[in-house]
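Overview (structure and organization)
Next come the chains, spelled out residue by residue.
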Amino acid sequence: MAMKGVHFLVVFVFTLAFTFVSASDPSPLQDFCVALGDTKNDVLLLLHMIEVLFYAVFVNGELCKDPKLVVAEDFFFSGLNKPGNTSNPLGWMATIVNVMKIAGLNTLGVSMVRLDYAPNGGLIPPHIHPRASEILVVLEGTLYVGFVTSNPNNTLFTKVLNKGDVFVFPIGLIHFQLNVGNTPAIAIAAFDSQNFGIIPIANAIFGSDPPINPDVLTKAFQVDRNVVNYLQSKFQGNNI
Ligand SMILES: *[C@@H]1O[C@H](CO)[C@@H](O)[C@H](O)[C@H]1NC(C)=O
Ligand SMILES: *[C@@H]1O[C@H](CO)[C@@H](O)[C@H](O)[C@H]1NC(C)=O
């Protein structure tokens, strides 16, 4: 009886642990697995294909670069000192450093971004990262940031951040950042995924390809048909 209880507890705890682990990228099973990606070097790729036939260097379904050929550059990116161009309608730019930029990030479950916000209202509009939580530190300026919890509460958590302040956006929740200062703002954010993904709410809803049937949106947002038509025309073919 006691044994059975312990057994149940162990299974329960393991199930719980597994649930948490699977919430972000799976843990790597080796030091690294530098992504070959869509390599421009066809000779190198061919060599790898031949090698794979003999050694099978697939990890998590991905083809990894032969560890003997891995170099420091596979773990390197340069340029986060450069300001992003915020001359666009919302006034922001993200310089993303994910597995597409650093092949050595493959299987490691982390990535990073530099965010630039134009003075007086530069906005990163409400969006979701489907695969990662985000931790953000303000390097310059003042940001009004927030996220909304899931149903039924839909609680809004907000904060005004200044230089050196850190804020966390939990995985999968809608969040935003607005520059409320009159100088450019800069932030660096890190993610617990090599490929966090971005779902900009307005673009996904009103700019989907092909467009969502307006009947759906008219009813969902409880607005006039011409409001939906207007928003769809505004966001169609308009990527964030
Ligand atoms: C920034 O982007 C705008 C709009 O695309 C463009 O006109 C401008 O030349 C860019 N500025 C720089 C410094 O690249
Ligand atoms: C969300 O709302 C429910 C019911 O309204 C309440 O029981 C629960 O404590 C709330 N959760 C949080 C995290 O506030």
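Residues numbered from 1 in each chain as written. Chains lettered and ligands numbered in written order. Predicted model: local features only at pLDDT ≥ 70, side-chain atom pairs only at ≥ 80, totals over all residues. Heavy atoms only, no water.

**Observations concerning the sheet that holds strand β6 (residues 134-140)**
The strand order β3-β4-β11-β6-β9 describes an open sheet built from five strands, whose pairing is antiparallel. Either end of the sheet is taken by a strand with one partner, and the two such strands are β3 (92-97) and β9 (166-169). Sheet twist, expressed as the mean angle between neighbouring strand axes with direction ignored, is 20°. As judged from the four bridges shared by β6 and β9, these two strands associate in the antiparallel manner. Paired with E134 across the strands is F169, a residue of β9. (Pairing = 2+ DSSP bridges. Helix = DSSP H or I, 4+ residues; strand = E, 2+ residues; numbered from the N terminus. Axes fitted to C-alpha atoms, helices over the stretch in contact; angles between N-to-C directions.)

**Section: the environment of D209**
Structurally, the position occupied by D209 is in the loop between α3 (201-206) and α4 (214-221). Judged by relative accessible area, which is 77%, D209 ranks as exposed. Put simply, D209 and Q236 are 27 residues apart on the chain and 7.6 Å apart in space, counted from C-alpha to C-alpha. (Buried < 20%, exposed > 50% of the residue type's maximum accessible area, 1.4 Å probe, protein only.)

**Let's talk about the sheet that holds strand β8 (residues 156-161)**
Spatially, five strands are ordered β8-β7-β10-β5-β12 in an open sheet, and the strand pairing comes out antiparallel. Of all strands in the sheet, those bounded by a partner on one side alone are β8 and β12 (199-200).

**Quick word on α4**
Considered for burial, the residues of α4 that qualify are P214, L217 and T218. Here the buried residues of α4 occupy an arc of 100° about the axis, which is enough to place them on one side. When the buried face of α4 is taken as reference, the exposed residues oriented beyond 90 degrees from it are K219 and A220. The residue sitting at the N-terminus of α4 and contributing the capping side-chain oxygen is N213; that oxygen lies 2.8 Å from the backbone nitrogen of D215. Positive backbone phi, at 50°, marks Q222, one or two positions downstream of α4. (Arc of directions from axis to C-beta. Polar contact = N/O pair within 3.5 Å; in protein donor to acceptor, adjacent residues only side chain to side chain.)

**Remarks on the state of the cysteines**
Considering all chains together, one arrives at one disulfide under this definition. Disulfide partner of C33: C64, at an S-S distance of 1.9 Å. Its torsion about the S-S bond being -85°, the disulfide of C33 and C64 is classed as left-handed. Separated by 31 residues along the polypeptide, C33 in the loop between α1 (2-21) and α2 (42-55) and C64 in the loop between β2 (62-63) and β3 bring together distant segments of the chain. Judged by relative accessible area, C33 falls into the buried class, the value being 1%. (Disulfide = S-S within 2.5 Å.)

**Notes on the packing of α4 against helix α5 (residues 225-235)**
In the contact formed by α4 and α5, the axes pass within 9 Å of each other and the chain directions differ by 115°. In the packing of α4 onto α5, the handedness of the crossing is right-handed. Seen from α4, the contacting residues are P214, D215, L217 and T218; seen from α5, they are R225, V228, N229 and Q232. A breakdown of the residues in the contact of α4 with α5 according to their chemical character gives three nonpolar, three polar and two charged. (Left-handed = near helix turned anticlockwise from the far one by under 90°. Contact = heavy atoms within 4.5 Å. Nonpolar A, V, L, I, M, F, W, Y, C, P; charged D, E, K, R; others polar.)

**What to know about the packing of aromatic side chains**
For the structure on display, the rule yields seven aromatic pairs. Both rings, one in Y144 and one in F176, keep their centres 5.6 Å apart while their planes meet at 40°; by these two values the pair is tilted. Here the residue Y144 occupies a position in strand β7 (residues 143-148), and F176 occupies one in strand β10 (residues 174-179), the gap between them amounting to 32 residues. A network of ring pairs unites the aromatic residues F147, F157, F167 and F169 as a single cluster. (Phe/Tyr/Trp six-rings, centres within 6.5 Å; stacked < 30°, edge-to-face > 60°.)

**Remarks on the confidence of the model for the protein chain**
Averaged over the protein chain, the pLDDT score is 86; the fraction of residues at 70 or greater is 79%. Counted against residues more than four places away or in other chains, residues 8-22, with its pLDDT under 50, gives zero contacts. (pLDDT = per-residue confidence, 0-100.)

**Points about the pattern of salt bridges**
Two side chains carrying opposite charge are able to pair once their charged atoms lie near each other. Taken as a whole and judged by the stated rule, the model has five salt bridges. For K65, the salt bridge is made with D74, and the minimal N-O distance between the two is 3.0 Å. Judged on exposure class, the residue K65 and its partner D74 are both buried. In this structure, E140 engages K163 in a salt bridge whose closest nitrogen and oxygen atoms are separated by 3.4 Å. Residue E140 is found in strand β6, and its partner K163 is found in the loop between β8 and β9; the two are separated by 23 residues along the sequence. E140 gets classed as partly exposed once you look at its relative accessible area, which sits at 35%. Taking relative accessible area as the criterion, K163 reaches 56% and is therefore assigned exposed. (Salt bridge = Lys/Arg side-chain N within 4 Å of Asp/Glu carboxyl O.)

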